[in-house]
Amino acid sequence: MRIDGKGRIDRTRRVSFSFDGHRHTGFSGDTLASALLADGVRVMGRSFKYHRPRGAMTAGSEEPNALVTLGLGAAQVPNCRATTTELHEGLVARSQNRWPSLGFDVLAVNDLMAPFFGAGFYYKTFMWPRAFWEKVYEPAIRRAAGLGALSGQPAEDRYERAYAHCDLLVIGGGPAGLMAALAAAEAGADVILAEEDVALGGRLLAETEEVDGQDGGDWAAEMAARLGAMPNVRIMTRTAVTGAYDGGTFGALERTAPDIEGRPHAPAGCFWRIAARRAVLAAGALERPVAFPNNDRPGVMMAGAVRAYLNRWGVAAGRSVLVFGNNDSAHRTVADLQEAGVHVAALVDARAHATCGHDVAFYPGAQVTGTAGRRGVEAVCIATARGEERIAADTVAVSGGWNPTVHLACHTGARPVWDDRLAAFLPPEGAVPGMRVAGAAAGHFSTRACLKSGLAEGRHAAKDLGLKAPATDLPPASDGSFDILPLWQVEGRGRAWLDFQNDVTVKDVELAARENFRSVEHMKRYTTQGMAPDQGKNSNVGALAVLAEATGRSIPATGTTTFRPPFVPVPIAAMGAGGKGKTFAPERFTTSHAGTIRRGAPMIEAGLWYRPSYFPRKGETHWRQSCDREVMMVREAVGVCDVSTLGKIDVQGPDAAQFLDFLYTNAMSKLAPGRVRYGLMLREDGHVMDDGTCARLAEDHFLVTTTTAAAGAVMRHADFAGQVLRPGWDARAVSVTEQWAQFAVAGPRARDVLADVLDDQGALDDLPFMGCGPVAVGGVAARLFRISFSGETGYEIAVPARFGASLFEALVTRAESLGGGAYGMEALNVLRIEKGFITHAEIHGRVTAFDVGMQGMMSRKKDFIGKPAASREGLMDEGREQLVGLKPVGAVKELLPGSHLFNEAAEPVAANDQGYITSACYSPTLGHVIGLGFLARGRARIGERVRAVDHLRGSATICEVCAPGWVDPEGGRMRG
Amino acid sequence: MRIPCPLCGMRDLREFSVRGAALPEPEGAAWSAAWDDYLHNRDNPAGESREFWYHGQGCGAWLVVTRDTVTHEIADVVLAGAEAGA
Amino acid sequence: MRFSALRILKEGLTGNKGWQAHWRDAEPKPAYDVIIIGGGGHGLATAHYLAKRHGITNVAVLEKGYLGGGNIGRNTTIVRANYGLPGNSEFYSHSLKLWEGLEQDLNYNVMMSQRGVLNLCHSDGQRDAFARRGNAMRNQGDDAELLDREGVRKLVPFLDFDNARFPVYGGLYHARGGTARHDAVAWGFARSASDRGVDLIQNCAVTGIDIEGGRVRGVQTSRGAIKAKKVAIVVAGRSSQVAAMAGLRLPIESHVLQAFVTEGLKPCLDHVVTFGMGHFYISQSDKGGLVFGGDLDFYPSYAARGNLPMAEHVMEAGMAMVPMIGQARVLRSWGGIMDMSPDGSPVIDRAPVDGLYLNCGWCYGGFKAVPGSGDALAHLIATDNPHPAATRLRLDRFATGAGLMDEEATGSQHNLH
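Values in this document were obtained by computation on a predicted structure and should not be read as measured data.

### Overview of the overall build of chain C
Turning to step 1, where the next piece is worked out: Across its full length, chain C holds 11 helices and 18 strands.
Turning to step 2, where the next piece is worked out: Relative to the 2.2 N^0.38 estimate, which gives 22 Å for 417 residues, the radius of gyration of chain C is 21 Å and therefore close to what a compact globule would have.
Turning to step 3, where the next piece is worked out: A burial count over chain C gives 71% of its 417 residues as buried.
Turning to step 4, where the next piece is worked out: Within chain C, counting contacts between residues at least 6 apart in sequence, those at least 24 apart form 74% of the total.
Turning to step 5, where the next piece is worked out: Total accessible area on chain C stands at roughly 11900 Å², and carbon and sulfur atoms take up 52% of it.
Turning to step 6, where the next piece is worked out: Across chain C, the centroid of the 43 positively charged side chains sits 5 Å from that of the 41 negatively charged ones.

Rendered as structure tokens:
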């Protein structure tokens, strides 16, 4: 019911929306909950377990009951709080967790089963017959559980992420936060003022308080304008600070205002990472309910929420309101309602000593013992000293006291501190470095006290920042003492709810205690108390008070559960913004990328890089045809392949040679300038880290290549070796992977291709196998290396990256004219398997130099990283699995990588496992399949037969063990 | 977490990677109990810890960070090279 | 008291007044045959199997906080036996078999749900590595299936098959893997151990380990000295601190691993799915929350909480793999303290002190290991010989280099897993 003349809504702007298919109208400035309440809709949701009808209980993000699904189709967003959903034209909201309708929900039958569905009942049953758990019980439980539903479509809402930095982050824009921000800003601090709500003011927007002689809400608006005009203040409304992390880092979720005209593609929100030197937590306090029987009936609301609906949105929560409280703040509800002309049925105050200045039926020392009604409250039972009474009312406004919003102060693990006077937990001091707490969050409950503490903490923060705060006047406002009689539960007939969302009642907590779930953590986990979407914001303190009573302990001795981020739930799409699709990880493209795509090559991911799989030609319908052709092209003519993705590390300095001796197992210091050597690097644990070539460009200048996969790790490793292990050596390493484009030119006609592009052929003729030297290509300084990964005459030519694209074109065009062309990763892999060369398929991280037959490369004469660990007996054991070649010799001719090896007659079970296949391919050169693998004692078993078994693909192949390397094992072709 | 890099200033955690306890490399190239300790065994303190960190997304410096493993508070950051006496 | 549907019916009709404590809270006795330090999943399971299989019931489990308050209370509930290397392979295989009858063994519904674990692969190389692992699983007698892209699509059609940065090539499917209700596992073992006579002692912190003549004699606790013939350290997350009381320096670093849960949602994800390229895994709890996580934060920590960079990375990976979950809201994040060993695999072994036993280094594998670990440690304590399924979980493998179990192939030294 809307009350004329009340509220901060814009009555000139009507907004139409729908709820469960019914059309409704509200005003601009309404929330979904306020508009529904104004239209007389009280039931907005169903509870999780018993499917009880529920109405809005609060007016904030802590709402446990009024959770709805917004939007349709892919845009559907489940579990939205009606209490914070800003109304906008065309909003479509639906209730959830009910079938077939909110009014008639079949699973409400669960409520009748409540005696059997107590806390933890499912741990005690559903065990027989065993097969029924997954087939019958669990699917039924899963269907009944859950709240809203995802659309099943990729999320449509677009979110962003951003960083912000400030001197002072003020969390909460109520009276305390406003004063803290002002005080620090006037001292010159860069201030971010973050407020979860759509406007600044906090409780001032919901009350009839005066500040500085004017309406509190107007004062807040004036302050907002004043702060907004300061260049060093950034006001972020609709921004909930979600977590406090280390080093003054905070997470915050900013929601975009709905229906921003002219910005249809605006993001739904932004997840902020705020780095703040200091913080003031001014997050206010949350009113808590009292657990009296049937306190979950629609119409039972927090007293503060009743005032908020009235004062902020001009909505009377009901026609006749019974106010029930145990503290002074309940009383102002009576005043506000009466002033607005809403009937107050009674004021029930649990405190016997309470007095009342309002013209209302007043029951001091009384309690509400129950509610009655079909779809909502119709009558309220109270117990007074004189006995039971039944009072007609459709709304119960409850105040069980206030819980300071301590969450962020506890996110780094500290526990809040119990305060007997306030009957509440207060934030621990200094728990989050640099954070101070102000206002109601610190237990200051009057407006004046909030303003004062905000001012003091703002000034304190400025001082901590080394700033001098000028005097700021404290605006006059009402003050008052806070008096409370702790009241957690009321005895009576019927269940009394603690956690409304998860349907946890006082009885559940008492049962848990009886079953020895006495630790607050046990109670929580056994009953699911506090595990619902409100994370116990409404119920945790009450529940642990009930537990304390049930176990005969005090509340502080009972303790709290852990406060964890996020303070309000954050969409995965917000915190994971940018993760969807291609932007999940950077895409790295070689300089030949465009040319490669133009040639129709399918690209595959190689780490972050893209590389061509093969270059299909006309008539080729299967990758194998292209691959086989490319292999033979290299073996018989010439092929060109972009190898720029390999890591390149430039090492220079007088001690560069000795430094590389330390990095590699083999000696690089003996390498002459102008020569290249294959090298092996170990991790400190003695296993192979990477392999590649090392070229000595000059006496004090080397170029190290790494594999594509290990480029980053090797760079980090080299930096560690240089800076930490051998800091005294004068050598520096820097990654130049991006700076050079490099192409392999391989095959009998490689020289003919290069002769065409090099400015001076002489360099080519003089270059011996494993030599390197400077060359020029079209006047551009380039480097030529005579190395081969294919076993053919091979070169790699490197030019500054900006010339890569044109050099690739030149090389490929020339190669094509000679019967060759570009080749891709498939052919590259076949070529190297034919030669028995290893890649990370073999040096996969668990193998040693010994395992791959390179123990001879571990120099005895010098130190190198990994040498001590590699000498461990277990890493040099002859029984280890060693690299071998394999070729099928039986009827089955396939070899599948990942197959395991067994003795020919052995059963293929774990106990008989002898090794596995790492790589395999059809060799067009040899005309049959070959593979590489690791076999126990493999090097001693050349010529033996083993069986390769692949259970997964149903394959078993008899193979002969061979030395790895089939094509030109003597290497004459690559040297020639 | 934010780490004051001696070369770059205060930077976010995501620019760094950590290697673990900052231990001196043992003498000798033969496997020994000292090497086993260096590679494997740890005090693993719940409290102040000296660790090697790498500013890989920044200046590429290896750092020795003195940090509390319970509170994550950082007490001191120096260049590992300077620490090693270079 | 036996739990059953009939019992629930009876209690429900009589006001639920008959329910009793699931376990006894015992006062410490002066001496025990065996003291288990740590009342987490592994410690409680050890007590259960000591009593059940070996008849050893003069046992105390000492827990400094509340039972099940360590990593069994804060994991992502995944149970699987999809390891590829000898050691892990037979051990987790054994553990999974124990899981499969656990409800009946404990008379406690731990909600073991064999809904299948699917590991996605994104390159030929990854598929080959999965094939190797899957074949190892089959060699071990466990189930494994290599799915191609279409096979994956049939199972989980809502993945991003069209526009993913790392396209789905296929996956390794382990049908017997799944999830279980983690807390209930601790409570079920606690109840069973307690019913068999084991003393469960909460709020009892061990402050010292008494050793005389190279042999363990008992422990000092916040509730006084307790003698014992044998003592087992089963405190993953605090292993280094407790082992130090016995003068040991372990190959363990403590790291924080974060996890996340969303608000409740109607069933939308029926398996456990992992996304290797993003270090991301996800399942949906029976309550409806999406439970997911990723990699370590990578700095040594005892704080049981993480920082934003990894949290955000995990969410990005979720968006990359399962973009439909974008509208789900993260309700809670938390961290567990992982005992990280150099090679990423655990230790169940005798300590170099007579009568002292170690159970540590569980890395990410602790939850699914609970029954297997309890059984293996109980066997070791009772017989002083390793359980046949745990002979390779040796402490000395790092010193000798023999039998390293670097399952991720990233190295057998710290901070690489």
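### With respect to the interface of chain B and chain C
Turning to step 1, where the next piece is worked out: Residue-level contacts link 26 residues of chain B with 27 residues of chain C.
Turning to step 2, where the next piece is worked out: Carbon and sulfur atoms make up 47% of the area that chain B and chain C hide from each other, which totals about 2200 Å².
Turning to step 3, where the next piece is worked out: Per-residue buried area on chain B facing chain C is highest for His40, Arg42 and Asn44 of chain B; these three make up 27% of the total on that side.
Turning to step 4, where the next piece is worked out: Here chain B is connected to chain C by four salt bridges.
Turning to step 5, where the next piece is worked out: Ionic pairing is found between Arg249 of chain C and Asp43 of chain B, a salt bridge with its closest N-O pair at 2.7 Å.
Turning to step 6, where the next piece is worked out: For the interface between chain B and chain C, the tally reads 18 residue pairs in polar contact (both at pLDDT 80 or more).
Turning to step 7, where the next piece is worked out: At the level of secondary structure, the elements contributing two or more residues to the side of chain B that touches chain C comprise strand 3 (17–21), helix 1 (33–39) and strand 4 (48–54) of chain B.
Turning to step 8, where the next piece is worked out: Ranked by residues supplied to the side of chain B that touches chain C, first place goes to strand 3 of chain B with four residues.
Turning to step 9, where the next piece is worked out: When the residues that make up the side of chain B that touches chain C are grouped by side-chain class, the tally is 10 nonpolar, seven polar and nine charged.

### Re the pattern of salt bridges
Turning to step 1, where the next piece is worked out: Taken as a whole and assessed by the stated rule, the structure comprises 78 salt bridges over all chains.
Turning to step 2, where the next piece is worked out: Close ionic contact of Asp296 of chain A with Arg52 of chain A constitutes a salt bridge, the shortest N to O distance being 2.6 Å. Taken as a pair, Asp296 of chain A in the loop between strand 16 (285–287) and strand 17 (300–302) and Arg52 of chain A in the loop between strand 3 (45–46) and strand 4 (53–54) lie far apart in primary sequence, 244 residues in all. Grouping residues by exposure puts Asp296 of chain A and Arg52 of chain A together as buried.
Turning to step 3, where the next piece is worked out: A salt bridge links Arg305 of chain C to Asp246 of chain A; the nearest nitrogen and oxygen atoms lie 2.9 Å apart. Taken as a pair, Arg305 of chain C in the loop between strand 15 (290–300) and helix 9 (308–321) and Asp246 of chain A in the loop between strand 13 (239–244) and strand 14 (249–255) lie in two separate chains rather than in one.
Turning to step 4, where the next piece is worked out: Through salt bridges that share partners, Arg52, Arg54, Asp111, Asp296, Arg495 and Asp503 of chain A make up one connected network.

### Describing the confidence of the model for chain C
Detailed reading of the predicted coordinates is not advisable wherever pLDDT falls low.
Turning to step 1, where the next piece is worked out: Per-residue pLDDT for chain C averages 97, and the proportion of residues at 70 or more is 100%.
Turning to step 2, where the next piece is worked out: Of the two predicted TM-score estimates for the complex, the pTM is 0.97 and the ipTM is 0.98.

### Things to note about the state of the cysteines
Residue and element names in this part refer to chain A.
Turning to step 1, where the next piece is worked out: Per the stated rule, a full pass over the model turns up zero disulfides over all chains.
Turning to step 2, where the next piece is worked out: No disulfide involves Cys410; its nearest neighbouring cysteine sulfur is the one of Cys450, lying 18 Å away.
Turning to step 3, where the next piece is worked out: Residue classification places Cys410 among the buried residues on the basis of a relative accessible area of 1%.

### Some points on the interface of chain C and chain A
Turning to step 1, where the next piece is worked out: With 120 residues of chain C in contact, the opposing surface of chain A contributes 122 residues.
Turning to step 2, where the next piece is worked out: Where chain C touches chain A, the interface holds eight salt bridges.
Turning to step 3, where the next piece is worked out: Two residues, Asp270 of chain C and Arg142 of chain A, come together in a salt bridge whose shortest N-O distance is 3.1 Å.
Turning to step 4, where the next piece is worked out: Counting across the chain C and chain A interface gives 72 residue pairs in polar contact (both at pLDDT 80 or more).
Turning to step 5, where the next piece is worked out: Tallying contributions element by element places helix 5 (residues 124–139) of chain C first for the side of chain C that touches chain A, with 10 residues.

### Details of a nonpolar patch on the surface
All names here are of chain A.
Turning to step 1, where the next piece is worked out: There is a patch of nonpolar side chains on the surface, built from Trp99, Phe104 and Val106 and spanning about 380 Å² of accessible area.
Turning to step 2, where the next piece is worked out: Within the secondary structure layout, Val106 lies in the loop between strand 7 (91–94) and helix 2 (109–112).
Turning to step 3, where the next piece is worked out: Residue classification places Val106 among the partly exposed positions, given a relative accessible area of 40%.

### Examining the sheet that holds strand 23 (residues 387–392) of chain A
Across a sheet, strands are paired by hydrogen bonds formed along the backbone, either parallel or antiparallel in direction.
All names here are of chain A.
Turning to step 1, where the next piece is worked out: Overall, antiparallel pairing links the three strands, which are arranged 21-22-23 in an open sheet. The strands lining the two open edges of the sheet, one partner per strand, are strand 21 (367–372) and strand 23. Averaged over all pairs of adjacent strands, the angle between their axes in this sheet comes to 25°, without regard to strand direction.
Turning to step 2, where the next piece is worked out: The pairing of strand 22 (residues 379–384) with strand 23 spans six bridges and is antiparallel. In the strand pairing of strand 23, Ala383 is matched with Glu388.

### Some words on the side chain of Asp650 of chain A
Residues and elements named next belong to chain A.
Turning to step 1, where the next piece is worked out: Residue position: Asp650 is located in strand 35 (residues 647–652).
Turning to step 2, where the next piece is worked out: Arg783 provides the closest opposite charge to the buried, salt-bridge-free Asp650, at an N-O distance of 4.1 Å.
Turning to step 3, where the next piece is worked out: At 2.7 Å, the side chain of Asp650 forms a polar contact with the side chain of Gln652.
Turning to step 4, where the next piece is worked out: The contacts of Asp650, once residues within four sequence positions are left out, are His701, Phe702, Leu703, Arg732, Ala733, Val734, Val736 and Arg783.

### As for helix 3 (residues 132–144) of chain A
Turning to step 1, where the next piece is worked out: For helix 3 of chain A, with 13 residues, the first-to-last C-alpha span of 17 Å sits near the 18 Å given by 1.5 Å per residue.
Turning to step 2, where the next piece is worked out: Glu138 of chain A marks the point of greatest bend in helix 3 of chain A, at about 35°, and the proline Pro139 of chain A comes within the next four residues.
Turning to step 3, where the next piece is worked out: Considered for burial, the residues of helix 3 of chain A that qualify are Trp133, Tyr137, Glu138, Arg142 and Ala144 of chain A.
Turning to step 4, where the next piece is worked out: Considering only its buried residues, helix 3 of chain A is in contact with strand 14 (280–284) of chain C.
Turning to step 5, where the next piece is worked out: Following helix 3 of chain A by one or two positions, Gly146 of chain A adopts a phi angle in the positive range, close to 80°.

### Remarks on the nonpolar core
Turning to step 1, where the next piece is worked out: Within the largest apolar cluster, 187 residues are counted, with the highest numbers of intra-cluster contacts made by Leu32 of chain A together with Trp99 of chain C.
Turning to step 2, where the next piece is worked out: The greatest single-element share of this core, amounting to nine residues, is contributed by helix 4 (residues 175–186) of chain A.
Turning to step 3, where the next piece is worked out: For Trp99 of chain C, the contacting residues outside a window of four places in its chain are Val79, Val110, Met112, Ala180, Val185, Phe367, Lys368 and Pro371 of chain C.
Turning to step 4, where the next piece is worked out: Counting 49 residues, the second-largest nonpolar core is a separate cluster that includes Val152, Met315, Met319 and Val330 of chain C.

### Details of the sheet that holds strand 7 of chain A
Residues and elements named next belong to chain A.
Turning to step 1, where the next piece is worked out: Pairing is mixed across the open sheet formed by five strands, whose spatial order is 2-1-7-5-6. Both edges of this open sheet fall to strand 2 (22–28) and strand 6 (77–81), since each of them pairs with a single strand only. Neighbouring strand axes in the sheet, compared pairwise and without regard to direction, differ in orientation by 40° on average.
Turning to step 2, where the next piece is worked out: Across three bridges, strand 1 (residues 10–19) lies against strand 7 in parallel orientation. Each residue of the ladder has a partner; that of Phe17, found in strand 7, is Leu91.

Quick notes on the rules
Residues numbered from 1 in each chain as written. Chains lettered and ligands numbered in written order. Predicted model: local features only at pLDDT ≥ 70, side-chain atom pairs only at ≥ 80, totals over all residues. Heavy atoms only, no water. Helix = DSSP H or I, 4+ residues; strand = E, 2+ residues; numbered from the N terminus. Rg over C-alpha atoms; globule rule 2.2 N^0.38 Å. Buried < 20%, exposed > 50% of the residue type's maximum accessible area, 1.4 Å probe, protein only. Contact = heavy atoms within 4.5 Å. Areas by Shrake-Rupley, 256 points an atom, 1.4 Å probe, with all protein chains shown as cover. Lys, Arg positive; Asp, Glu negative; His and termini not counted. Charge placed at Lys NZ, Arg CZ, Asp CG, Glu CD. Buried area = accessible area lost by both parts, 1.4 Å probe. Salt bridge = Lys/Arg side-chain N within 4 Å of Asp/Glu carboxyl O. Polar contact = N/O pair within 3.5 Å; in protein donor to acceptor, adjacent residues only side chain to side chain. Nonpolar A, V, L, I, M, F, W, Y, C, P; charged D, E, K, R; others polar. pLDDT = per-residue confidence, 0-100. Disulfide = S-S within 2.5 Å. Patch = residues over 30% accessible without salt bridge, like charges linked within 9 Å, V, L, I, M, F, W, Y side chains within 5 Å. Pairing = 2+ DSSP bridges. Axes fitted to C-alpha atoms, helices over the stretch in contact; angles between N-to-C directions. Expected span 1.5 Å × (residues − 1). Bend = angle between axes of the 7 residues up to and from the residue. Core = buried A, V, L, I, M, F, W, Y, C linked by side-chain atoms within 4.5 Å.

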